[in-house]
Amino acid sequence: MTALPPAESDSGLQHRSRAKRARAARSLTAFGIYLAFAWITFGRGLIGHFRNDHIGMGSDPGLMAWFLQWWPHALTHGLNPFLTDLIWAPTGFNLTWTTGIPLPALAVWPITAAAGPFAAFNLLCLVALPLSGWAAFVLCRRLGGGWWSSLLGGYIFGFSSYTLGQQSCGHIHMTVVLFVPLAVLTAVDAIEGKLPPRRFLLLLTAILVAQFLVCVEVFTTMTIFAALALLLGNSFAPRDTRSRLLATLPYIAGAYALAVAIVSPYLYYMLAFHIPGEARLGYSNDLLNLIVPAPTQALGVIPFIAHLSASFRVSSIVEVDGYVGLPILLLFAIYAWRGWREPLCRLLVDSFLVIYVLSLGPRFHVGGVELFGLPAKIFGVLPILDKLVPSRFMAYGFLILAIIAARWFAMSPVGVIRKIIFAAAIVLFTLPNLSPGFWVRADATPAFFATPLYRQYLRLGESVLVLPFGLHGDSMRWQAETAYYFRMAGGWSGFTPPEFARWPIVDAFLEGAYLPAPAAQLRAFMAREGVQVVVVSDSDPDANNSALFAGAWAATEHVGGVRLYRALPDVLTRLSDTTPLAMEQRANSVLFDTLVVAADKWFADGGKLAQLTPFEAQRRRLLPADWLVGPRSYPDWVTGESPSPIRTDQRTFAGAYLGGMPGGDLGVGVTGTYASLAPIAQRYRADALHAYFFLASPRDLLADGATPPNPDERAPMVIHFDVSRVAQAASIARTELAGMEMMGDPDGSKVPQPRSR
């Protein structure tokens with residue numbers, strides 16, 4: 001008979017229990033430190049305004065708050081939570097392809113119900129980074145780090161330039177990344193035999209489901225880089241470790257199978273309906289950002305450094321995620337040099353290098369200058385993976401750096417004083433921007449939406465166009481404030497559906513553009529998309545644009561910080577068959593012809609080609625100023641600084657090109673689909689030198705044997721004219737403009753079609 005092992009003594013059990021409680025207390029202490037630091041950094045500006053003001057720039061905080069309220073609303077009202085026509089009406093939108101955050105929304109449901117969606121949103125912003133840092137701390141402790149060194153490791157991950165960049169715009173779907181280190185932790189325990197296989201299967205399944213319900217993008221990239229780590233680990237690990245690693249693979253596969261089964265309703269709506277075609281690989285890191293921080297860091301606000309970082313802060317501050325800093329780079333080099341013979345060191349170093357190169361995106365940039373292609377181009381030809389944002393890959397890079405820091409500071413023989421100095425340098429170089437005004441934005445909801453006033457002027461469920469439009473305003477927040485009382489022919493969902501993007505008026509609202517006859521364009525859009533009312537915030541740049549709201553309306557009101565324009569039903573009925581292509585052809589034709597006539601007048605008045613720009617033509621009244629519709633400045637979320645006016649001294653401005661070309665030719669251009677621009681190229685064929693359609697590379701539409709682009713492909717088209725032929729081209733333009741004027745605006749009984757010569 002086999003003897004039973006001796007029972008553990010009561011004193012032994014008590015000792016283990018005390019040790020376990022002590023470890024938990026130390027772990028909670030680390031979380032408390034991170035939480036206090038997060039409150040000092042992000043929360044000070046919310047004191048006294050926690051329910052209304054919010055962390056984050058731009059319109060994304062409103063989108064997050066919309067979803068925090070949407071999931072409880074949909075579930076309690078028996079609605080499909082994946083599809084809705086509350087935004088982008090009447091077509092509606094598949095919410096699975098945006099930042100739905102179902103798990104965070106359900107977790108804070110009681111807070112949303114009691115204090116409102118922005119109280120819940122602010123709470124999530126304040127705990128997201130500490131939770132992520134705490135999870136990294138626990139992982140670092142497990143991989144050999146001491147308490148203090150793991151505390152530093154958790155800080156490096158939880159308050160990295162990646163999480164700070166995402167925090168700057170309130171991206172809680174990207175800052176709640178605690179499940180990434182927790183997944184690594186469970187895998188390590190399973191490989192080392194400290195976690196029974198079945199328990200590992202269940203824990204990993206729960207982690208995968210939780211991550212999927214926070215952010216599908218992170219779930220996807222976590223899977224990709226986990227596969228990379230397993231591949232490299234299998235290459236570097238000793239034979240016994242390799243056999244244990246291979247033994248866990250069936251359980252990992254089983255966890256993914258179970259997770260997919262659990263989230264299958266979500267996946268069904270993702271894949272069975274429209275998949276967005278917008279690729280996002282252009283959001284990538286710049287090599288200079290490796291050592292030059294953005295304003296999300298304390299060092300990034302120093303004028304000299306801010307000037308350097310301006311070269312790569314050109315699209316969105318939220319995606320400037322690649323700053324590591326000199327002290328951490330030095331630590332990385334020391335660790336790689338001293339520990340290269342160790343399999344774990346090679347795994348960490350090689351994984352970081354691969355991740356960093358992929359985070360640079362499909363093209364290599366240094367200081368904003370594009371140089372050559374990179375391996376991440378492969379994502380561009382893979383379905384669905386072209387929706388990934390390469391700059392965000394650095395989340396995994398910072399987790400690796402956190403582990404490296406924790407292990408080096410715990411195991412290096414370097415003296416304590418030197419370690420303290422080194423750790424202080426790391427913290428100093430990576431401190432977040434400590435200004436509350438950088439992180440917090442005041443509530444600017446008009447009284448019209450903040451009070452029941454909207455019920456007096458809007459009908460339940462009617463379709464409304466809200467300005468500022470899309471990502472330039474807070475329409476998502478305002479709709480949520482009313483408990484989804486009205487539908488919107490617009491909104492913000494991370495990208496603009498193609499059904500809306502093809503309208504010239506939508507393009508103008510989003511990008512700022514010269515738009516001939518803007519009132520006619522607006523009414524045609526309203527008629528086709530079933531919009532009855534336009535609600536314009538007093539803060540919108542077009543609030544006082546008389547050309548945009550010219551003509552007769554059934555009712556106009558100025559109340560509660562907004563202006564309301566209710567359309568005449570007979571006008572909408574008359575225009576209901578108007579197509580976006582017809583309006584785009586009209587707008588581009590009139591704008592192009594007007595630019596050609598403007599250039600002719602410019603030269604007739606003695607103007608020099610080198611000084612010709614669209615804005616100069618507007619300033620001399622050669623281009624109507626009231627055609628300018630949409631934003632007039634770069635919002636704060638682009639650069640991380642105060643809104644700045646759009647430059648007007650360039651040959652490209654507000655969707656128009658006008659000015660000199662290499663060789664002394666005149667360039668005239670507009671942006672649109674090939675279907676709308678092809679008639680213009682043909683009209684001027686006899687007088688033009690070239691007509692370049694700028695896709696991935698310029699394509700001359702006038703070249704013999706040129707292959708025409710797809711009709712729906714959208715790009716700028718610039719036609720080159722010899723200056724001596726401008727007068728002849730202007731004669732064509734004047735004839736065309738006269739014919740268009742005779743045809744009238746779409747407000748009339750006949751929908752106009754642009755004529756081609």
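Owing to the predicted nature of the structure, the values given are computational and were not obtained by experimental measurement.

In this sheet, strand E21 (residues 714-721) lies alongside strand E19 (residues 688-694) in antiparallel orientation, the contact comprising five bridges. If you follow Ala-688 over to E21, its bridge partner there is Phe-721. The sheet contact formed by E19 and strand E20 (residues 698-700) spans three bridges and is antiparallel. Note that in E20 the partner of Phe-694 across the bridge is Pro-698.

Applying the stated rule across the entire model yields 18 salt bridges. Residues Arg-142 and Glu-192 are paired through a salt bridge, measuring 2.5 Å at the closest nitrogen-oxygen approach. You can see Arg-142 sitting in helix H5 (residues 117-142) and its partner Glu-192 sitting in the loop between helix H9 (179-191) and helix H10 (197-212), a full 50 residues away along the chain. Here the salt bridges do not stand alone but share partners, grouping Arg-142, Asp-189 and Glu-192 into one network.

Residues Trp-66, Ile-156, Phe-448, Leu-458 and Phe-525 are the most contacted members of the largest nonpolar core, which totals 192 residues. In terms of residue count, helix H17 (residues 394-411) provides more of this core than any other element does, 14 residues in total. Apart from residues no more than four positions distant in its own chain, Trp-66 is found in contact with Thr-84, Leu-86, Ile-87, Leu-95, Met-476, Gln-479, Ala-480 and Tyr-484. Leu-612, Leu-623, Ala-678 and Met-740 belong to the second largest nonpolar core, which has 45 residues in total.

Between its terminal C-alpha atoms helix H18 (residues 416-430) stretches 21 Å, which fits the 21 Å expected from 15 residues at 1.5 Å a residue. Taken together, the buried positions of H18 are occupied by Lys-419, Phe-422, Ala-423, Ile-426 and Thr-430. End-on view of H18: buried residues confined to an arc of 95°, all on one side of the axis. Away from its buried face, by an angle of more than 90 degrees, H18 presents the exposed residues Ile-417, Ile-420, Ile-421 and Leu-428. Buried-residue contacts for H18 involve helix H6 (147-158), helix H7 (161-167), helix H15 (326-339) and H17.

Okay, the environment of Pro-624 next. Mapped onto the elements, Pro-624 comes out in the loop between helix H28 (614-619) and strand E13 (628-629). Sequence separation of Pro-624 and Gly-154 is 470 residues, and the distance between their C-alpha atoms is 57 Å. Those residues in contact with Pro-624 that lie beyond four places of it in its chain are Tyr-514 and Thr-594.

For the structure shown, the criterion picks out zero disulfides. The cysteine Cys-125 is free of any disulfide, with Cys-169 supplying the nearest cysteine sulfur at 11 Å.

Mapped onto the fold, Ala-555 is located in strand E11 (residues 555-559). Look at Ala-555 and you get partly exposed, because its relative accessible area is 32%. Separated by 12 residues in sequence, Ala-555 and Ala-567 have C-alpha atoms that sit 7.3 Å apart. Leaving out residues up to four positions away in the same chain, Ala-555 has contacts with Leu-564, Tyr-565 and Arg-566.

This next bit is on the sheet that holds strand E16 (residues 652-653). Read across the sheet, six strands follow the order E16-E17-E18-E21-E19-E20 without closing on themselves; strand pairing throughout is antiparallel. The strands lining the two open edges of the sheet, one partner per strand, are E16 and E20. Here strand E17 (residues 656-660) pairs with strand E18 (residues 666-673) via five bridges, running antiparallel. Each bridged residue has a counterpart across the sheet, and for Tyr-657 the counterpart in E18 is Gly-669.

Moving on to the environment of Phe-50. Here Phe-50 lies in the loop between helix H1 (10-43) and strand E1 (54-55). Not counting residues within four places of it along the chain, the set of residues in contact with Phe-50 comprises Trp-39, Phe-118, Ala-119, Asn-122, Leu-123 and Leu-126.

Remark: the centre distance and the inter-plane angle together describe each pair of aromatic rings, the angle taken between the planes. Considering all chains together, one arrives at 48 aromatic pairs under this definition. Taking the centre distance of 6.0 Å and the plane angle of 70° together, the rings of Trp-88 and Phe-469 count as edge-to-face. One end of the pair, Trp-88, is in the loop between strand E2 (83-84) and strand E3 (93-94); the other, Phe-469, is in the loop between strand E7 (463-467) and helix H22 (475-481), and 381 residues separate them in sequence. We classify Trp-88 as buried; its relative accessible area is 1%. Note on Phe-448 and Tyr-457: the rings are 6.1 Å apart at their centroids and 45° apart in plane angle, and the pair reads as tilted.

Parts of the prediction with low pLDDT should not have their coordinates interpreted in detail. Counting all residues, the mean pLDDT for the chain is 88, and 92% of those residues have values of 70 or more. Segment residues 749-757 is flagged for pLDDT under 50; beyond a separation of four residues in sequence, or across chains, it makes 26 contacts in the model.

This part covers a nonpolar patch on the surface. The grouping of Leu-287, Val-366, Val-369, Leu-371 and Phe-372 at the surface amounts to a nonpolar patch, some 400 Å² of accessible area in total. In terms of residue count, the dominant contributor to the nonpolar patch is strand E5 (residues 369-373) (three residues). Checked against the element boundaries, Val-369 lands in strand E5. Look at Val-369 and you get partly exposed, because its relative accessible area is 47%.

Attention now goes to unusual backbone geometry. With omega at 5°, the peptide bond leading from Ala-89 into Pro-90 counts as cis. Residue placement: Pro-90 occurs in the loop between E2 and E3. Residue Pro-468 is bonded to the preceding Leu-467 through a cis peptide linkage, with omega at 5°. Turning to its location among the elements, Pro-468 is positioned in the loop between E7 and H22. Positive phi values are uncommon outside glycine, yet Trp-88 reaches one of about 50°. Look at Arg-621: it is not a glycine, yet its phi comes out positive at around 65°. Counting through the fold element by element, Arg-621 comes out in the loop between H28 and E13. When its relative accessible area of 79% is taken as the criterion, Arg-621 is described as exposed.

Take the packing of H6 against H18 next. Each pair of packed helices gets described by two things: the angle between the helix axes and the distance between those axes. Two elements in contact, H6 and H18, have axes separated by 11 Å at closest approach and are oriented at 15°. In terms of orientation, H6 and H18 fall into the roughly parallel class. Between H6 and H18 the crossing geometry is left-handed. Between H6 and H18, the residues in contact are Leu-152, Tyr-155 and Ile-156 and Ala-423, Ile-426, Val-427 and Thr-430, respectively. When the residues that make up the contact of H6 with H18 are grouped by side-chain class, the tally is six nonpolar, one polar and no charged.

How each quantity is defined
Numbers given for residues are sequential positions, taken from 1 along each chain in its written order. Given that this is a predicted model, residues contribute local features only at a pLDDT of at least 70 and side-chain atom pairs are listed and counted only at 80 or more, while totals for whole chains, interfaces and linings are drawn from all residues. The side-chain values count all of the structure's non-hydrogen atoms but skip hydrogen atoms and water molecules. Pairing between strands requires that DSSP locate at least two bridges from one strand to the other. Here a helix means four or more residues in a row that DSSP labels H or I, a strand means two or more in a row labelled E, and each is numbered from the N terminus. A pairing counts as a salt bridge when a side-chain nitrogen of Lys or Arg comes within 4 Å of a carboxyl oxygen of Asp or Glu. Nine residue types can take part in a nonpolar core, namely buried Ala, Val, Leu, Ile, Met, Phe, Trp, Tyr and Cys, and a core is a set of them joined through side-chain atoms within 4.5 Å. Three exposure classes are used, based on accessible area relative to the maximum for each residue type with a 1.4 Å probe and protein chains only: buried under 20%, partly exposed in between, and exposed over 50%. Throughout, a contact is declared for two residues whenever any of their heavy atoms are within 4.5 Å. One less than the number of residues in a helix, times 1.5 Å, gives the span that helix is expected to have. Taken from the helix axis, the directions to the C-beta atoms give the arc we talk about. Disulfides are defined in this document as cysteine sulfur pairs within 2.5 Å. When the centres of two rings from Phe, Tyr and Trp lie within 6.5 Å, Trp using its six-membered ring, the rings pair. Their planes under 30 degrees apart give stacked, over 60 give edge-to-face, and anything left gives tilted. Each residue carries a pLDDT score, the predictor's own confidence in it, on a scale running from 0 to 100. Here, patches come from residues exposed beyond 30% relative accessible area and free of salt bridges, joined within 9 Å for like charges and within 5 Å for nonpolar side chains (Val, Leu, Ile, Met, Phe, Trp, Tyr). Here the accessible surface of atoms and residues is derived via Shrake-Rupley with a 1.4 Å probe, and residues count as covered only by protein chains that are part of the display. Every angle, taken between N-to-C directions, lies between 0 and 180 degrees, and every axis is a line fitted to C-alpha atoms, over only the stretch in contact when it is a helix. Under this scheme an angle from 65 to 115 degrees is roughly perpendicular, one under 35 degrees roughly parallel, and one over 145 degrees roughly antiparallel; angles in between are oblique. If you view the pair so one helix is near and one far, a crossing is left-handed when the near helix is turned anticlockwise from the far one by less than a right angle, and right-handed when it is turned clockwise. The classification used treats Ala, Val, Leu, Ile, Met, Phe, Trp, Tyr, Cys and Pro as nonpolar, Asp, Glu, Lys and Arg as charged, and all other residues, Gly among them, as polar.

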